[in-house]
Amino acid sequence: MSCKVLMVTSFKGGVGKSTVAANIALRFACGGKKTLLVDCDFRMRSLDIFLGVENAIVYDAGDVLSGNAELSKAVLIDKRNNNLYFLPAPYNWQEGIDSKKFADMLKKAQELFMLDYIVLDTPGSSGMEFSAAAEASDMAYIVANHSFPSIRAAEVTGRELEKMGVKDRKLIINMFDMSGRDSGKKPSVVEIIDRTYMMLVGIIPFDSKMPILQDEGKLVDSVKECNVAKAFTNICNRTEGKNVPLFTGFKKINKNKLLS
Ligand SMILES: Nc1ncnc2c1ncn2[C@@H]1O[C@H](COP(=O)(O)OP(=O)(O)OP(=O)(O)O)[C@@H](O)[C@H]1O
Ligand SMILES: [Mg+2]
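Residues numbered from 1 in each chain as written. Chains lettered and ligands numbered in written order. Predicted model: local features only at pLDDT ≥ 70, side-chain atom pairs only at ≥ 80, totals over all residues. Heavy atoms only, no water.

### Some remarks on the pattern of salt bridges
Cut-off, in case you're wondering: Salt bridge criterion: a side-chain nitrogen from Lys or Arg within 4 Å of a carboxyl oxygen from Asp or Glu. Strands are runs of DSSP state E lasting at least 2 residues, helices are runs of H or I lasting at least 4, and numbering of each runs from the N terminus. Here the term buried applies to any residue with accessible area under 20% of the maximum for its type, exposed to any over 50%, and partly exposed to those in between, with areas from a 1.4 Å probe on protein chains only.
Under the counting rule described, the total for this entry stands at 13 salt bridges. With its nearest N and O atoms 3.4 Å apart, the salt bridge here joins Glu160 to Lys163. Separated by three residues within a single helix, Glu160 and Lys163 lie in helix H7 (residues 148–163), roughly one turn from each other. Since its relative accessible area comes to 68%, Lys163 is described here as exposed. Residue Glu225 is joined to Lys251 by a salt bridge in which the shortest nitrogen-to-oxygen separation is 3.5 Å.

### Remarks on the site of ligand 1
To keep things clear, this is the line we draw: What makes a residue near a molecule or strand is one non-hydrogen atom of that residue sitting within 4 Å of it. Two N or O atoms form a polar contact when they lie within 3.5 Å of each other; inside protein one atom must be a possible hydrogen donor and the other a possible acceptor, and for residues adjacent in sequence the pair counts only when both atoms belong to side chains. The residue classification treats Ala, Val, Leu, Ile, Met, Phe, Trp, Tyr, Cys and Pro as nonpolar and Asp, Glu, Lys and Arg as charged. All others, Gly included, are polar.
Of all residues adjacent to ligand 1, which total 19 residues, the nearest are Lys17, Ser18, Thr19, Asn174 and Gln214. Asn174 has a polar side-chain atom sitting 2.9 Å from a nitrogen atom of ligand 1. Pro211 is positioned with one of its backbone polar atoms (N or O) 3.4 Å from an oxygen atom of ligand 1. Every element with two or more residues in the shell around ligand 1 is listed here: helix H1 (17–30), strand S7 (168–176), strand S8 (199–205) and helix H9 (209–215). Here the shell around ligand 1 is composed, by residue class, of eight nonpolar, eight polar and three charged.

### Re helix H8 (residues 189–196)
Counted only if it meets this: Working note: the arc is built from the helix axis to C-beta atom directions. Contact definition: two residues touch when any of their heavy atoms are within 4.5 Å.
Of the residues making up H8, those classed as buried are Val189, Ile192 and Thr196. Here the buried residues of H8 occupy an arc of 60 degrees about the axis, which is enough to place them on one side. Residues of H8 that are buried in the fold lie against H7, S7, S8 and helix H11 (255–259).

### Remarks on the pairing of strand S6 (residues 139–145)
Note the cut-off: For two strands to count as paired, DSSP must find a minimum of two bridges between them. Whether a crossover is right-handed depends on one test, that the path from the first strand over the helix to the second runs clockwise when the strands point away from the viewer.
Across the seven residues that make up S6, a large majority, seven, are buried. Of the two faces of S6, the one holding Met139, Tyr141, Val143 and Asn145 and the one holding Ala140, Ile142 and Ala144 are both buried throughout. Here four bridges tie strand S1 (residues 4–9) to S6, and the two strands are oriented parallel to one another. Among the inter-strand pairings, Thr9 is bridged to a residue of S6, identified as Ile142. Across seven bridges, S6 lies against S7 in parallel orientation. Bridge pairing links Asn145 to Asn174 in S7. With H7 bridging S6 and its parallel neighbour S7, the resulting β-α-β unit is right-handed.

### Observations regarding the packing of aromatic side chains
To keep it simple, the criterion reads: Pairing of aromatic rings covers Phe, Tyr and Trp, the last counted by its six-membered ring, and requires centre-to-centre distances within 6.5 Å; plane angles under 30 degrees mean stacked, over 60 mean edge-to-face, and any other angle means tilted.
Following the criterion strictly, the structure yields five aromatic pairs and no others. An angle of 5 degrees between the planes, with centres 3.9 Å apart, marks the rings of Phe28 and Tyr117 as stacked. Taken as a pair, Phe28 in helix H1 and Tyr117 in strand S5 (residues 117–121) lie far apart in primary sequence, 89 residues in all. This pair shows no difference in class: Phe28 is buried, exactly as Tyr117 is.

### Some remarks on unusual backbone geometry
One non-glycine residue, Met175, lies in positive phi territory at about 55 degrees. With respect to the helices and strands, the residue Met175 is situated in strand S7. For Met175, a relative accessible area of 29% gives the class partly exposed. The backbone of Phe247 sits at a positive phi, close to 65 degrees, despite the residue not being glycine. Its location among the elements puts Phe247 in the loop between helix H10 (227–239) and H11.

### So, the packing of H7 against H8
Put simply, the rule is: Axes here mean lines fitted to C-alpha atoms, for a helix over just the part in contact, with angles spanning 0 to 180 degrees between N-to-C directions. Take the far helix as the reference: if the near one is turned anticlockwise from it by less than a right angle, the crossing is left-handed, and if turned clockwise, right-handed.
In contact at an axis separation of 8 Å, H7 and H8 are set at 35 degrees when each is read in the N-to-C sense. Remark: the crossing between H7 and H8 carries right-handed chirality. Here Phe148, Ile151, Ala154 and Glu155 of H7 lie close against H8, whose contacting residues are Glu191, Ile192, Arg195 and Thr196.

### Regarding the packing of helix H5 (residues 99–113) against helix H6 (residues 128–136)
Definition in use: Roughly parallel covers angles under 35 degrees, roughly antiparallel covers those over 145, roughly perpendicular covers 65 to 115, and oblique covers all other angles.
Running from amino to carboxyl end, H5 crosses H6 at an angle of 50 degrees, the nearest separation of the two axes being 9 Å. Put simply, H5 runs oblique to H6. Crossing hand, H5 versus H6: right-handed. Contact residues: H5 offers Ser99, Phe102, Ala103 and Leu106, while H6 offers Ser131, Ala132, Ala133, Glu135 and Ala136. A per-class count over the contact of H5 with H6 returns six nonpolar, two polar and one charged.

Now the structure itself:
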């Protein structure tokens, strides 16, 4: 299989792009796929914290792009699964990003590590990181949370990606309220798809454990039995082309109510 480059994006901040990128990348790796996770948030990186490697970074993508370090020196191998590689972002990067250099760096990584997937985590805005990532990507997963403003942002992001030639664009709804308590006040699944004009690749429930796990440098593999973990597995299986019905493996949910 040739390497697929997948960007996880939205013009809206805080919707869970980094959470989704990190957990999808680990899921691919656990499924035997050699995967490179790239933090493209060159001004406000966070994946190093989410992966628990904040103190292990010596070089980063900025050093590679500016020729100060070899790619092999900047990439870390994850302790959870050695199919997962991680390229950290620089911190507070003030220079621009040359999209061609960025794409060349990813090409080199594909060859060096014989990758199946590259997952790009972008910041919550348009700008140099978004453009560089979009130019290098085969597909985009646009993350929205369960609210009207973030759904509008997903729609705008999708349109911009279309203009930039990223044909394969799909939607992930994160922090979905599984209780169904506010149905009527919150957008329904059908309404979200209608508004964004995008195919849905997965719904990830809201789970208050997530921020706590991330502060400890843990991903959802450490809480295998929860619905959030199932959601990431389902998204990866769908990416691999498997037909996986919505909410497969979820426990204690009222599927009909959630889909109404
Ligand atoms: N499914 C979820 N359930 C509960 N909390 C979540 C979920 N997904 C993400 N979060 C929390 O939401 C916050 C924002 O997540 P994250 O940093 O991944 O968003 P982001 O879109 O990457 O933000 P930014 O735009 O700043 O890069 C974090 O505290 C994270 O733990
Ligand atoms: Mg982020």
